[in-house]
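Spelled out, the chains give:
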Amino acid sequence: MSFLNDIFTTIADRRDYLYELLVQHILLSLTAIIIISVIGISTGIAILHDKKWRQVILGTVNFLYTIPSIAMFGLFIPLIGIGYGNALVVLVIYGLLPVIRNTYTGLDEVDPLLLDAAKGMGATPWQVFSMVRWPLAFPTILSGFRTMVVMTIALAGLASFIGAGGLGQAIYRGINTNNSSLILVGSIAVALLALVADLGIGAIENSLKTKARKPDKKNRFLRYFGWGILALLFIFMLLPKSGNSSRNKLVVATKPTAEQYILGEIISQLVENNTDIQVIRKFGIGGGTSNIHPAMLKGEIDIYPEYTGTAWLFILKESPMKNPDSLYAALKTTYAGQFNLEWACRLGFNNTFTLALPESVAQNQHINTFSELAVQSNQFVFGAEFDFFEREDGFSGLNKVYPFNFKNEVELDINLKFQALENQTVDVINAFSTDSRIRQMNLRVLKDDKQFFPAYQAGIVVRNESLRKYPELKGLFERLENSISDSAMLQLNYEVEIENKSPNEVAANFLKQRELLK
Amino acid sequence: MNNPVIEIVNVTKSYESAKKALNDVSLEIPREAFVAIIGPSGCGKTTLLRLMNGMTGIDSGRIRVMGKNLESWDKIQLRRKMGYVIQQSGLFPHLTVRQNIAFVLRLSSVEKQAIEKRVNELAKIMGFDESQLNAFPSELSGGQQQRVGVARALASQPEIVLMDEPFGALDNITRRNLQREIKEMHRKLKITFVMVTHDLHEAFTLGTHVAIMNKGEIVQFDTPENIQKEPFNDWVKEFITI
């Protein structure tokens, strides 16, 4: 029952958020549905009498349909960028097949005898089409439309992956912040929406079928019910989007991790509270840096939290640099020169690789640093995920700097690492320094005293153009400089991932505590 | 036979398959006649019928319908002036009986009230009651469906009704009844009927004139009595005695 309770609490607590996502979802789906219907039906009609084009077009949409949807979303990022437009294009491409195919099939399968009869009675070509061919094909076309609608609503759930919002965002955010009731609420909402649309069209379909028998009350009810639901959905689309239009806008994006959601909220709320700029949140962009960075360059995103190590190694593809301060300085210069992007501040914490072991053990054996661990390492079993053993900057490199001599080394799935530690299958694991499970399991994070792992200090990257447009931002972000220590970030992550608070609430509390809100 | 309502002169028609469907066919259909066209399958009888309302074009020759050359007719207007009944009735399954009968009138945007009046007239003639008018074709028997098909063809008060094996799919008893009915209607309405059939008995009982076709040509065209009395050749003699 507590599970149900969680769900209701989630809905109650995040009513506004969920409502916003619902509206986004309906908007995106409905726009796609309208475009698909127009293109799909007219294409279906156009290919009716043209065998060559028919083969080309049906072949093409069939092929497009077989491309996995996630891949399709990714495929268009370099062309269209992230967000609503991309999602719309992908939804339209997927939705075309059932509509084109059913339109064509429906029209084609009309008994030629009936068309001949109509023509023979003096119907013009348009009358033959509109009075005979189309109405007879309509049930088939409608069933293709129905398939498309359900599919589009479901697929729109993936749109959040590329920052287009919608109910998928709740699911995605739930996954990334370990919040199962949010996942469930998002999923149920998508399913319900699809179900309602399906019922609505199904009711119309049924009324058409029974019409061939006798028009009766039940049938009329079904039809009104169906049109009613569709009309409701349509009204939704016409609802004015809250506070949109010409206000100053700033797009804040994050990668899909709990920590990033929290940082995103901190940045957004800070801006919203201290300026009159409207913040658009595109949180949890799939693919993280590899999709956000290009979008920053294109100007689709204005701000996002990034880690120095990621920028240095992954984006600039430079070789590791020991000193975190000189790394930051180099990064700042290169970003400004090469990308016209500004590192506005460093937040203070360093989310890098580290080694962790239970606090009690660490205390007993007096282990605080990697070097101290190395001395006693023959008493311990070490566990890490497969690729940590594989990577040059992982275990083998680490071993060259610190002479570890573990009793045993165990390769584990990344998600089972902490469980293995709890079961005492392993004694020491590698971990990220701000992982909330470190606090949950009361682990001690050891100090990398010879600085083997590169620094992954969190900072805020802003487009220079945005800074010029809103000069007040610079001072604002400077106030965040060094405001979050490793342990503070760990605490914030803990509140979201383990205590299931929303990133929104956690960020607000943080800002209040630091007196960063007006 | 002065002033024929349909006049076909030296018409030749071949399809893409290169086989000649009609070879130098001439035929004069007198006003108010009931012409039955009969012949073995593939003899070109349906093609001949479809020439008359421009559903099929011709390669050479000349056709006059209702005093006007076929080329100078607006085909759409011409067809609306001619009834058209096809095999298996050709009723529209998505329309009620009433809507089916009104179809031709709706094509030429006749006023709603006028349509209703005409449909009710026809319903009276054919003996359809209200529940039958509101039924869909699939709810009627085959014979009733074909009667609706005939009513539909008569809706626009045509001078000519073309029928392509209208009773082909019906059982014998229903067919005899419908034949009687259509004969009576021809007598009362004083319009021209042209009917393609493969049923000798039907052709000879209904037709005031019978056209016997073979291999794209009209072998003999005359009254049933004359044909029976004097078959044009041995082939006709054999054909009509089968």
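Bringing the overall build of chain B into the picture now. Counting secondary structure elements, chain B contains 10 helices and 10 strands. Here chain B has a C-alpha radius of gyration of 18 Å; the compact-globule value for 242 residues is 18 Å, and the two agree. Summarising its shape, the C-alpha atoms of chain B cover approximately 50 × 40 × 35 Å along the three principal directions. In chain B, which comprises 242 residues, the proportion classed as buried is 42%. Across chain B, the fraction of contacts at a sequence separation of at least 24, relative to all contacts at a separation of at least 6, is 69%.

Okay, the overall build of chain A next. In terms of helices and strands, chain A carries 25 helices and 10 strands. C-alpha atoms of chain A, sized along the principal axes, occupy 100 × 55 × 50 Å. With 518 residues in all, chain A has 43% of them scored as buried. A separation of at least 24 residues holds for 76% of the contacts in chain A among residues at least 6 apart in sequence.

Turning to helix H12 (residues 258–274) of chain A, a few remarks are in order. End to end, H12 of chain A covers 24 Å across 17 residues, agreeing with the expected 24 Å (1.5 Å per residue, within 8%). Counting buried positions over the 17 residues of H12 of chain A gives 13, a clear majority of the element.

Turning our attention to helix H8 (residues 125–155) of chain A. The first and last C-alpha atoms of H8 of chain A sit only 39 Å apart over 31 residues, clearly below the 45 Å expected at 1.5 Å per residue. Of all the bends in H8 of chain A, the greatest reaches close to 50° and is centred on Phe 138 of chain A; the proline Pro 139 of chain A follows between one and four positions later.

Quick look at the domain arrangement of chain A now. Splitting chain A by domain gives domain 1 (2–238), domain 2 (249–352 + 455–513) and domain 3 (353–445). Using C-alpha coordinates to define each centre, domain 1 of chain A is positioned 50 Å away from domain 3 of chain A.

For the rest of this paragraph, the subject is the sheet that holds strand S4 (residues 60–65) of chain B. Residue and element names in this part refer to chain B. An order of S2-S1-S4-S5 is seen for the 4 strands of this open sheet, with the pairing classed as antiparallel. Edge positions in the open sheet fall to strand S2 (20–29) and strand S5 (68–69), since each of these has one partner strand only. One ladder, built from 5 bridges, connects strand S1 (residues 6–14) with S4; its direction is antiparallel. Of the residues in S4, the one forming a bridge with Glu 7 is Arg 64.

Every contact between the two is made by 16 residues of chain B and, on the other side, 15 residues of chain A. A breakdown of the residues in the side of chain B that touches chain A according to their chemical character gives 9 nonpolar, 5 polar and 2 charged.

Moving on to the environment of Lys 469 of chain A. Mapped onto the elements of the fold, Lys 469 of chain A is located in helix H22 (residues 464–469). Taking the C-alpha atoms as reference, Lys 469 of chain A lies 34 Å from Pro 454 of chain A; in sequence the two are 15 residues apart.

So, about the packing of helix H2 (residues 15–46) of chain A against helix H6 (residues 84–108) of chain A. All names here are of chain A. Two numbers describe how H2 lies on H6: the axes approach to 7 Å, and their chain directions differ by 40°. With respect to H6, the axis of H2 lies oblique. Here H2 runs over H6; the crossing is right-handed. Here H2 contributes Leu 28, Thr 31, Ala 32, Ile 35, Ile 36, Ser 37, Ile 39, Gly 40, Ile 41, Thr 43, Gly 44 and Ile 45 to the contact with H6, which in turn contributes Tyr 84, Ala 87, Leu 88, Leu 91, Val 92, Gly 95, Leu 96, Val 99, Ile 100, Thr 103, Tyr 104 and Leu 107.

Bringing the sheet that holds strand S10 (residues 217–222) of chain B into the picture now. The pairing of strands in a sheet comes from backbone hydrogen bonds and takes either a parallel or an antiparallel form. Residue and element names in this part refer to chain B. Read across the sheet, 6 strands follow the order S6-S7-S8-S3-S9-S10 without closing on themselves; strand pairing throughout is mixed. Only two strands of the sheet have a single partner each, and these edge strands are strand S6 (82–85) and S10. Within this sheet the neighbouring strands show an average axis-to-axis angle of 15°, counted without direction. Of the pairings in the sheet, the one linking strand S3 (residues 34–38) to strand S8 (residues 192–197) comprises 5 bridges and is parallel in character. The residue of S8 that forms the bridge with Ala 36 is Met 195.

Glancing now at the confidence of the model for chain A. Of all residues in chain A, 94% attain a pLDDT of 70 or more, and the chain-wide mean is 87. Segment residues 240–246 of chain A is flagged for pLDDT under 50; beyond a separation of four residues in sequence, or across chains, it makes 1 contact in the model.

Another aspect to go through is the nonpolar core. The biggest cluster of nonpolar side chains holds 204 residues, and the ones touching the most others in it are Ile 37, Val 161 and Val 194 of chain B. Setting aside anything within four residues of it in sequence, one finds Val 194 of chain B in contact with Ile 29, Val 35, Ile 37, Leu 49, Met 52, Ile 160 and Leu 162 of chain B.

Turning our eyes to something else, we now look at unusual backbone geometry. One non-glycine residue, Gln 424 of chain A, adopts positive backbone phi at about 65°. If you trace the backbone, Gln 424 of chain A turns up in the loop between helix H20 (417–422) and strand S8 (428–432). Unusually for a residue other than glycine, Glu 165 of chain B sits at a positive phi of about 40°. Structurally, Glu 165 of chain B can be placed in the loop between strand S7 (160–164) and helix H7 (172–189). C-beta crowding within 10 Å serves as the criterion here: with 19 such atoms nearby, Glu 165 of chain B is assigned to the partly exposed category.

Residue and element names in this part refer to chain A. One way to put it is that helix H3 (residues 51–66) packs onto H6 with a least axis distance of 8 Å and a crossing angle of 140°. As the angle between them shows, H3 and H6 are arranged oblique. In this structure, H3 crosses over H6, and the sense of that crossing is left-handed. Residues Arg 54, Ile 57, Leu 58, Val 61, Asn 62, Leu 64 and Tyr 65 of H3 lie in contact with H6, whose contacting residues are Ile 93, Tyr 94, Leu 96, Leu 97, Ile 100, Arg 101 and Tyr 104. Across the contact of H3 with H6, the residue classes break down as 11 nonpolar, 1 polar and 2 charged.

Residue and element names in this part refer to chain B. Side-chain alternation along S6 places Met 82 and Tyr 84 on one buried face and Gly 83 and Val 85 on a second face that is also buried. Pairing of S6 with S7, which is carried by 4 bridges, proceeds in the parallel orientation. The residue of S7 that forms the bridge with Val 85 is Met 163.

Secondary-structure assignment places Leu 250 of chain A in strand S1 (residues 249–253). Discounting chain neighbours no more than four positions away, the residues touching Leu 250 of chain A are Val 271, Ile 277, Val 279, Asp 302, Ile 303 and Ser 466 of chain A.

The rules behind the values
Residues numbered from 1 in each chain as written. Chains lettered and ligands numbered in written order. Predicted model: local features only at pLDDT ≥ 70, side-chain atom pairs only at ≥ 80, totals over all residues. Helix = DSSP H or I, 4+ residues; strand = E, 2+ residues; numbered from the N terminus. Rg over C-alpha atoms; globule rule 2.2 N^0.38 Å. Buried ≥ 20, exposed ≤ 12 C-beta atoms within 10 Å, placed from the backbone. Contact = placed C-beta atoms within 7 Å. Expected span 1.5 Å × (residues − 1). Bend = angle between axes of the 7 residues up to and from the residue. Domains from an automatic or database assignment. Pairing = 2+ DSSP bridges. Nonpolar A, V, L, I, M, F, W, Y, C, P; charged D, E, K, R; others polar. Axes fitted to C-alpha atoms, helices over the stretch in contact; angles between N-to-C directions. Parallel < 35°, antiparallel > 145°, perpendicular 65-115°, else oblique. Left-handed = near helix turned anticlockwise from the far one by under 90°. pLDDT = per-residue confidence, 0-100. Core = buried A, V, L, I, M, F, W, Y, C linked by C-beta atoms within 7 Å.

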